[in-house]
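Chains, contacts and geometry: an overview
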Amino acid sequence: MKTSYLFKIMMPALLLVVLLAGCSKYKYESVPGDPLNVRIYTLDNGLKVYLAVNKDAPRIHTFVGIRVGSKNDPAETTGLSHYFEHLMFKGTSIFGTSDYGAEKPLLDQVEALYEQYRNISDDQQRKAIYAKIDSISQIAAQYAIPNEYDKLMNAIGSRGTNAFTSYDQTAYVENIPSNEVENWAMIQATRFSDPVIRLFHTELETVYEEFNMTLSQDTRKVNDATYSALFPHHPYGTQTIIGSQEHLKNPSIVNLKKHFANYYVPNNMAVCMAGDLNPDEVIQIIDKYLGTLKPGNVPEPKIAQETPITQPIFREVTGIEANSVAITYRLPATDFYQSAIIEMINRMLTNGKAGLMDLNINQQQKALGAGSYTNRLADYNMIQLYGRPKAGQSMDEVRDLMLEQIEKLKNGEFDDDLLEAVINNNKFLQYMQLQNTTNIAFNCLNAFINKDSWKDRVNKLDYQSKLTKADIIDYCKKNFQNNYVVVYKQEGKTDDKKIDKPIITPIPANRDNESEFLAKIKEHSVEPIEPVFLDYEKDLSKFTVKNDIPVVYTKNNTDPIFWLYYLYEMGNNNDKALGTASQYLTYLGTSNRTVEEINKELYKLACSFGVSVDDDEMYIYMYGLTENMEKAMVLLEDRLANALPDKEIYQKRVSDILKSRTDAKLRQQDNFDRLRDYAYWGAKSPLRNILSEKELTNMDPNDLVARIKGLGKYEHKILYYGPLSESQLTDIINRNHAVPETLLPVPPEAVFVEQETKEPTILLANYDAKQIYMAMVHKDGNFDQTIEADRRLYNAYFGGSMNSIVFQEMREARGLAYSANANYRAPVSLDRSYYLSTFIATQTDKMNEAINAFLSILNDMPRSETAFDIAKEYTITNIRTTRILREDILTNYIDSEKLGYTTDPRKAIFEKLPTMNLDNVFAFQQEYVKGQPLTYCILGDLKSLDIKSLEKIGKVKILTQEEIFGY
């Protein structure tokens, strides 16, 4: 078997160096030339620790990863890994409880009852046992402190508290202040050594709701069908991450505890941290706390090997959304370099500009959209091609178009310099990754889960840069044969059955209770981090270039990346054809270059440009490697000045726009967004301010291009972040930016009026799903700087996190939703209004309960000094540790300017917060929230909704799709 292409071009291996960290006893692995400077430690108990330093902000992104996922779930209790992930937030014997000694016997009874419950099929007997479970859970809940883990995280200023489960891994996420490493480690040590399964039946109902959400997600159906066909014998295909309905209805706490004992051991875990840290100090802290975890013998799952796929496999699924087709190749996962070459092939297929699918399908408008992505699993690799048909196009035609691109790879029908262009863009992406601690930590996590050597990861770009065209052809010929699965996603109604709502008595929130452990963490003082606010006089500069065009400038002193924006204070409200014109532009060449030549050249330069049009502003933007900025700018200016209209391209565009509009009506989120927009604006809104079908059809493409060519005559600003000096930037702009000597003011904009919320109103729209999406909104007054501290503190206390009142009441106490939130939202400009806005996704038969529960806490907000203290400290810490950097300095300045600020808005808020107390939050709630009339936006199956109960709340208005979409 010929495999030389995998080895002949590998650069000589760099020695993996073991260094001694100063006088520290901790040895670590590192790789010379690693741009991330990652240190990898292995503690005595087998725990892997990946540490990477990034000093941009005084925060550290953390993952705790475990090599266990749905692949490891017992066949009789699928979904177990995912469900256990949820339960890891419920606390331990020392937090999450006020009296574990009294609580434990009750939890043991619940555990035993669930073992009975799952082994009985008689409905009446099951209901009787469940009633006992609910009753005993109520008694046990008197001792529980719901969400105390989240209180702990808020107390130390962590944000982004979350977790995820996939086929091969479970990972827990936090982003902590850099001065809270010891508190974080102390909390994680007890969390991962002593989890207690409490509040079980309400969390199970939350997972039910998560399952119900997936019933209207066609991507889930395509994914499940793909994996079951690719892996008929492997757990990747025989079971799903979330689990089956039957198993979710019949959980086993006994199996959950076995799962923890088997897999949550340090020799199967890794801590991955990236941010403002001192590795020598941090490793000592991690060893002090997490080094105490006891190693174990991790069971190896017995997994059958899949037989080769020798003929294409076809599957069909039905869902409410538009037709689509997915083609997925099952590929071997022999080593890291196999994955590296697959990654290259994926970028050669789809990169947004010069990939084969970009050039031959998307730019030529042969399908409504097509792309590709890779998924590297522990046991296999995959690459998927996906596409959506145009109006009148069959899915077979889309399938054949995508398969043609694979054949082009196999036949070498691609430019010789495409490989070099991919490498240049990978280098650009590497610079971008260095700026993002989340990406750095995630890179470390993936290395651990896939058992990659860090040396291989560091050397990946070098390896990829030496791949030749012959290597790509050789790999594709060998690995892309008939070893694929085609899934046709047909539009149509489904008969998916949701999991019925069990009878649950709401548990007490106990929000004023506090464990000794939480008190200890709060008392463990740390050196405060001083905030850093932007100084608009020092952190950016303002000057003018040719014809008095204002420039807002920030210097990049860290890497060769630049961002350049032309900002016009005009958008679709000024001319509703602007958005269509900007989309049309992307398909056009110029008198000097074809669109294919433009995109190929851009990709070689590792630069990008585009046009973004909003209601009242538009950005023409560029970004990439500074060494190629002027060349990219020449291409951009040429396209703006010399775009060539093409009637045939425009006619295809019109067809695709109309098909996309039809498809949007099939998507749940699009319907809900439109319904909520109707509540804000009524029948005339900026979102509905688009060209009608008649206007699109009759539009002269020359008129659209004239709009683009005419942009330069209007007043605008230039925003720049990059390494160039002010004088260098001025020279480049003056040479290349084509504008007349006198710039015109932007044209006037259409007037849209926000709807006053005068009385309770219910807006209903139909969508055939197992859940309703519901929002309650209230329009309030215009922007007021003096209430911003109060608003932020109210949001943090009431609806801002897992520790908030909303999350505790709607999810934890009542099991009404997987997702629920509320906030008092600030406007983006002085002419817009504040809005109170809530959201919940819940089962149709829970609608009345959800409405009553939300109204109860909105109008009679629970009072908790403990919850307030944590919310206040979290808000202060968040400001202390946030750093606005790079191009975000520019957008922060522009956004602040719209609201009348001349200084960083956070400074005044920070100065006011220490003097505030819970009475301030209640005063805010009394004035701006309590008793306010609401507009209820409810999207669901109208046949199943209790409309009579809604009529008791307010006037009910049923809206058609045409009314909410405007077409």
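Overview of the structure. Note that the structure is predicted; figures quoted are calculated from it, not measured.

1. Looking at the overall build of the chain
- Looking only at helices and strands, the chain has 37 helices and 25 strands in total.
- Relative to a compact globule of 967 residues, whose C-alpha radius of gyration would be 30 Å, the chain shows 29 Å and is just as compact.
- Along the first, second and third principal axes, the C-alpha atoms of the chain reach 80 × 75 × 60 Å.
- The buried share of the chain, reckoned over its 967 residues, is 59%.

2. Looking at helix H4 (residues 148–155)
- Of all the 8 residues making up H4, 8 are buried; the element is thus mostly covered by neighbouring parts of the structure.
- Buried within H4 are the following residues: Glu148, Tyr149, Asp150, Lys151, Leu152, Met153, Asn154 and Ala155.
- On its buried face, H4 sits against strand S6 (159–165), strand S7 (170–177), helix H5 (181–193), helix H20 (516–523), helix H30 (805–813) and helix H32 (865–881).
- Among the residues trailing H4, Gly157 stands out with phi positive, at a value near 80°.

3. Details of the environment of Pro531
- Relative to the assigned elements, Pro531 resides in the loop between H20 and strand S14 (541–545).
- Taking C-alpha positions, Pro531 is 9.3 Å from Ile876, a pair spaced 345 residues apart along the chain.
- Once residues within four sequence positions are removed from consideration, Pro531 is found in contact with Ile879, Arg880, Arg883 and Phe910.

4. Some details on the nonpolar core
- The biggest cluster of nonpolar side chains holds 75 residues, and the ones touching the most others in it are Tyr264, Met273 and Ile286.
- Considering each element in turn, this core owes the most residues, 7 residues, to H5.
- If near-sequence neighbours (up to four positions away) are discounted, Met273 is found in contact with Tyr50, Leu51, Ala52, Ile60, His61, Thr62, Val181, Trp184, Val282 and Ile286.

5. Some thoughts on the sheet that holds strand S17 (residues 607–613)
- The strand order S14-S15-S19-S16-S18-S17 describes an open sheet built from 6 strands, whose pairing is mixed. Strands at the two margins of the open sheet, each flanked by one partner only, are S14 and S17. Neighbour to neighbour, the strand axes of the sheet diverge by 20° on average, direction disregarded.
- The strands touched by helix H28 (residues 726–736) are S14, strand S15 (549–555), strand S16 (561–568) and strand S19 (717–722); relative to S14, the strand with the most contacts, the crossing angle is about 30°.

What counts and what doesn't
Position labels on residues start from 1 in each chain and follow its written sequence. Local features are withheld for residues below a pLDDT of 70 in this predicted model, meaning they are given only at 70 or higher, and side-chain atom pairs are given and counted only at 80 or more; totals for whole chains, interfaces and linings count all residues. Hydrogen atoms and water are omitted, and side-chain values are computed over all heavy atoms in the structure. Each helix corresponds to a stretch of at least 4 residues labelled H or I by DSSP, and each strand to a stretch of at least 2 residues labelled E; elements are numbered beginning at the N terminus. We compute the radius of gyration over the C-alpha atoms and compare it with the globule rule, which gives 2.2 Å times the number of residues raised to the power 0.38. Working definition: with a 1.4 Å probe on protein chains only, accessible area under 20% of the residue-type maximum means buried, over 50% means exposed, and in between means partly exposed. Here, two residues are considered to be in contact whenever any of their heavy atoms come within 4.5 Å of each other. Only buried Ala, Val, Leu, Ile, Met, Phe, Trp, Tyr and Cys residues count toward a nonpolar core, and they belong to the same one when joined by side-chain atoms within 4.5 Å. For two strands to be treated as a pair, DSSP must find at least two bridges joining them. Note on geometry: axes are lines fitted to C-alpha atoms, helical ones only across the stretch in contact, with angles between N-to-C directions running from 0 to 180 degrees.

Read these as spatial facts, not as claims about activity.
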